[in-house]
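Take a look at the letters that make up each chain.
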Amino acid sequence: MPAIPAWPPRSTPRLFVAAPIAPGARVIEGPQAHYLAQVMRLAPGDPVKLFDGASGEWLAVVSDVAKRAVTLKVRERLRDMEAVPDLWLCVAPLKKGRIDWVAEKASELGVARLVPVLTQRTVVDRLNGERLFAHMVEAAEQCGRTAVPELAEPVKLAALLRDWPAGRALFFADETGGAPASAAMATRAGPAAILIGPEGGFTAEERDAIRALPQAVAIGLGPRILRADTAAAAATALWMASAGDWGQAVDQGAAQSED
């Protein structure tokens, strides 16, 4: 007998919705409705996966497609909410495009919170938070996350250090040198954060202030000079591999890659 196709198919579109999800009717409007109806060309009976960042992933089925809205019927919960690794990524704002890329990769890699940090050499002092969050949502939809990272308000470095939580380690990429990142991260269990400076690096004064923080650990990211966006992704990947959730078994029903 032929194999029964998996339901829902791996190609089922996923959407993040802000309002809490519960079984019953759900109306999707705006750009998301356009995506389902015009881009994906869904019809009544087609499946859609939904997540709200709080209750896991849900299966819904299209019941009606109108000109400006798509009505779904939410049927059942497919997966519980993921256990989000307690990692903050604190990064100096970069030029448009590069900071968008950092936000996207932070979401893909499993970061819990993205914190824009204003330093003396920061070249961008204004961020489009709505655009950054949209990039994180899109990445979460694509990579199978059930959570979207929290986007914090931009904060000056001095204020960040002044209010730093006592129980959270701060790994900061120091271009002047530090302990090998993977080794340092493996020895510090519990809540953590990674601090990445601007394109021009931290000033000597800023570096001294960071090193004075008891929770701070200077780390090195190899023998080559990395761009700030590359350093953010590299350091996050190292933490996830040594102290995050990369060592957990993969749910094959959720793991998939899309271009």
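Note that the coordinates shown come from a computational prediction; the quantities given were computed from them, not determined experimentally.

What counts, and at which threshold
- Residues numbered from 1 in each chain as written.
- Predicted model: local features only at pLDDT ≥ 70, side-chain atom pairs only at ≥ 80, totals over all residues.
- Heavy atoms only, no water.
- Helix = DSSP H or I, 4+ residues; strand = E, 2+ residues; numbered from the N terminus.
- Expected span 1.5 Å × (residues − 1).
- Buried < 20%, exposed > 50% of the residue type's maximum accessible area, 1.4 Å probe, protein only.
- Contact = heavy atoms within 4.5 Å.
- Polar contact = N/O pair within 3.5 Å; in protein donor to acceptor, adjacent residues only side chain to side chain.
- 1 Å grid on protein atoms, 1.4 Å probe; cavity = no way out; pocket = protein on both sides within 12 Å on 5 of 7 lines; lining within 4 Å.
- Points joined across faces, edges and corners; volume = space filled by probe spheres on them.
- Nonpolar A, V, L, I, M, F, W, Y, C, P; charged D, E, K, R; others polar.
- Pairing = 2+ DSSP bridges.
- Axes fitted to C-alpha atoms, helices over the stretch in contact; angles between N-to-C directions.
- Salt bridge = Lys/Arg side-chain N within 4 Å of Asp/Glu carboxyl O.
- Left-handed = near helix turned anticlockwise from the far one by under 90°.
- Parallel < 35°, antiparallel > 145°, perpendicular 65-115°, else oblique.

Peer 1: Explain helix H2 (residues 98-109) to me, please; I cannot follow it from the model alone.
Peer 2: Since the α-helix packs 3.6 residues into each turn, any two residues three or four apart lie on the same face. Across its twelve residues, H2 extends 16 Å between first and last C-alpha, which sits within 8% of the 16 Å expected from 1.5 Å per residue. For H2, every residue scored as buried is listed here: Ile99, Asp100, Val102, Ala103, Ala106, Ser107 and Leu109. In this structure, the buried residues of H2 make contact with strand E6 (87-91), strand E7 (113-118), helix H3 (129-143) and helix H7 (228-242).

Peer 1: Sorry if this is basic, but what is going on with H3 here?
Peer 2: In a regular helix each residue adds 1.5 Å, so 15 residues correspond to 21 Å; H3 covers 21 Å between its end C-alpha atoms and thus fits that length. Two to three positions downstream of the cap, the backbone nitrogen of glutamate 130 sits 3.2 Å from a side-chain oxygen, assigning the N-cap of H3 to asparagine 128. Just downstream of H3, glycine 144 is the residue with a positive phi angle, here 90°.

Peer 1: I keep staring at empty space enclosed by the protein and nothing clicks. Help me out?
Peer 2: Empty space among the atoms can be located by rolling a probe the size of a water molecule over them. Here the structure, examined in full by the defined rule, presents one cavity of 30 Å³ or more. Estimates place the volume of the largest cavity at around 30 Å³. Lining the largest cavity are Leu89, Trp101, Val102, Lys105, Ala106, Leu109, Asp229, Ala232, Ala233 and Thr236. Ranked by residue count, the leading element in the lining of the largest cavity is H2, at five residues. Its residues placed into classes, the lining of the largest cavity shows seven nonpolar, one polar and two charged.

Peer 1: Please clarify how the sheet that holds strand E4 (residues 57-65) should be interpreted in this entry.
Peer 2: Think of a sheet as strands paired side by side through backbone hydrogen bonds, with each pair either parallel or antiparallel. Taken in spatial order, the five strands make up an open sheet running E1-E3-E4-E5-E2, and their pairing is mixed. At either margin of the open sheet sits one strand with a lone partner, and together these are strand E1 (14-16) and strand E2 (24-29). For this sheet, the mean inter-axis angle between neighbouring strands, taken without regard to orientation, is 40°. With five bridges joining them, strand E3 (residues 47-51) and E4 adopt antiparallel strand pairing. The partner of phenylalanine 51 across the bridge, within E4, is glutamate 57. This element, helix H1 (residues 30-39), spans E1, E2, E3, E4 and strand E5 (69-79) of the sheet and lies at about 100° to E2.

Peer 1: Where do I start with the side chain of threonine 146 in this structure?
Peer 2: Position of threonine 146 relative to the elements: it lies in the loop between H3 and strand E8 (150-151). Those residues in contact with threonine 146, other than ones at most four positions away along the chain, are Arg14, Phe51, Gly53, Ala54, Gly56, Glu57, Arg79, Asp80, Met81 and Glu82.

Peer 1: Where do I start with the pattern of salt bridges in this structure?
Peer 2: Enumeration over the complete set of coordinates arrives at 13 salt bridges. Between glutamate 150 and arginine 113 there is a salt bridge; the shortest N-O distance is 3.3 Å. Pair noted here: glutamate 150 is in strand E8 and arginine 113 is in strand E7, with a separation of 37 residues, a long-range link. Overall, the relative accessible area of 44% leaves glutamate 150 in the partly exposed class. Arginine 113 gets classed as partly exposed once you look at its relative accessible area, which sits at 21%.

Peer 1: Teacher, can you tell me more about the packing of H2 against H3 here?
Peer 2: In a packed pair of helices, the relevant descriptors are the angle between the two axes and the axis-to-axis distance. Close contact between H2 and H3 brings their axes to 8 Å; oriented N to C, the two are set at 40°. Relative to H3, the crossing made by H2 is right-handed. For the pair formed by H2 and H3, the contact residues are Ile99, Asp100, Ala103, Glu104, Ser107 and Glu108 on the first element and Arg131, Leu132, His135, Met136, Ala139, Ala140, Gln142 and Cys143 on the second. Looking at the contact of H2 with H3 residue by residue, the classes come out as seven nonpolar, three polar and four charged.

Peer 1: I tried to follow the packing of H2 against H7 on my own but got confused; where do I start?
Peer 2: Interhelical geometry of H2 versus H7 gives an angle of 10° and a closest axis separation of 9 Å. Here H2 is positioned roughly parallel relative to H7, judged by the angle of their axes. Every residue of H7 that contacts H2 at Arg98, Trp101, Val102 and Leu109 is listed here: Asp229, Thr230, Ala232, Ala233, Thr236, Ala237 and Met240. Looking at the contact of H2 with H7 residue by residue, the class counts come to seven nonpolar, two polar and two charged.

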